[in-house]
Structures are given as structure tokens and as C-alpha cells.
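Chains, contacts and geometry: an overview
Letter by letter, the chains look like this.
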Amino acid sequence: MRAIFNAFLPTARRTPGEPPEPPRVRRQHNLFEAAAVYVVGSVEDDQDRMDEAATWVSPEALSFGINELACRAVIALARERDESPQTVARSLLGLPGA
């Protein structure tokens, strides 16, 4: 009977006085973290990293996060270059000036 308990109950396998194992909690990733990892994977041509990040959040959330990252990057570059966000965005995409 003890063998059955040992097979199915992890607490039955512990020796007396041994502390219980903490429960394993799967870490939750937020959409901005997923977007950052996905974009970096894309830049570095790392399909595995992109695939992993795509599993962290829904496709809609990932799309929103990537869009938000793009907006923030354009704004940061525009401030750094002292140019308009439109000029920076067009420059990054290789489009002629406005």
C-alpha cells in the first residue's frame, strides 16, 4: 500500500523533516516583454526566440505590443535626432522625405 502512495503522492516520497518542494509556478510574461523579445528575435534572425515569445501572449496582444514598441522607438529617435516622428519613420523605412 505504501508503494502506491509513494508512486502518486510526492509528499509520501519525502523523508520526515524534509521541507516540502515549493510549487512550480509558470512565470507570466506581459505583452510588452513578449513584443520586445519577438522584435529582438526578428532583428537577430532567431526564429526560435520569436516562436517562444509568440506563445507568451495572444496574437492580438503581441501585435499591440509590437505597435507600441514601434511608436515609442520612433518617438525616442525623433527626440534624439531633433526631428519630427514622421521624418524619422519615413527615414527608417527608406521612404522619401515628406
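Report follows, based on the coordinates. Since this is a predicted model, take the numbers as computed values, not measurements.

Looking at the nonpolar core
The biggest cluster of nonpolar side chains holds seven residues, and these are Ala34, Ala35, Ala53, Trp56, Val57, Ala61 and Leu62. If we skip the residues at most four places from it in the chain, alanine 53 touches Ala34, Val37 and Tyr38.

Thoughts on the pattern of salt bridges
If you walk through the whole model with that rule in mind, you get three salt bridges. Between arginine 49 and glutamate 44 there is a salt bridge, with the nearest N and O atoms lying 3.2 Å from each other. The exposure class assigned to arginine 49 is partly exposed, which follows from its relative accessible area of 29%. Its relative accessible area of 48% is what places glutamate 44 among the partly exposed residues. Taking the shortest distance from any N to any O, the salt bridge between glutamate 68 and arginine 72 comes out at 3.1 Å. Residue glutamate 68 and its partner arginine 72 are both found in helix H5 (residues 59-81); the two are separated by four residues, about one turn of the helix. When its relative accessible area of 22% is taken as the criterion, glutamate 68 is described as partly exposed. Taken together, the shared-partner salt bridges in this structure form one network comprising Glu44, Asp46 and Arg49.

Observations regarding the environment of threonine 55
Note that threonine 55 resides in helix H4 (residues 47-56). Judged by its relative accessible area of 55%, threonine 55 falls in the exposed class. Remark: the alpha-carbon pair of threonine 55 and alanine 34, spanning 21 residues in sequence, is separated by 8.6 Å.

Observations regarding H5
Along its 23 residues, H5 runs 33 Å from first to last C-alpha, staying within 8% of the 33 Å computed at 1.5 Å per residue. Those residues of H5 that fall on the buried side of the exposure criterion are Ala61, Leu62, Gly65, Val74 and Ala78. The inward-facing, buried residues of H5 abut helix H3 (31-43), H4 and helix H6 (85-92). Immediately beyond the C-terminal end of H5, within one or two residues, lies aspartate 82, with a positive phi of roughly 55 degrees.

About the criteria used
Residues numbered from 1 in each chain as written. Predicted model: local features only at pLDDT ≥ 70, side-chain atom pairs only at ≥ 80, totals over all residues. Heavy atoms only, no water. Core = buried A, V, L, I, M, F, W, Y, C linked by side-chain atoms within 4.5 Å. Buried < 20%, exposed > 50% of the residue type's maximum accessible area, 1.4 Å probe, protein only. Contact = heavy atoms within 4.5 Å. Salt bridge = Lys/Arg side-chain N within 4 Å of Asp/Glu carboxyl O. Helix = DSSP H or I, 4+ residues; strand = E, 2+ residues; numbered from the N terminus. Expected span 1.5 Å × (residues − 1).

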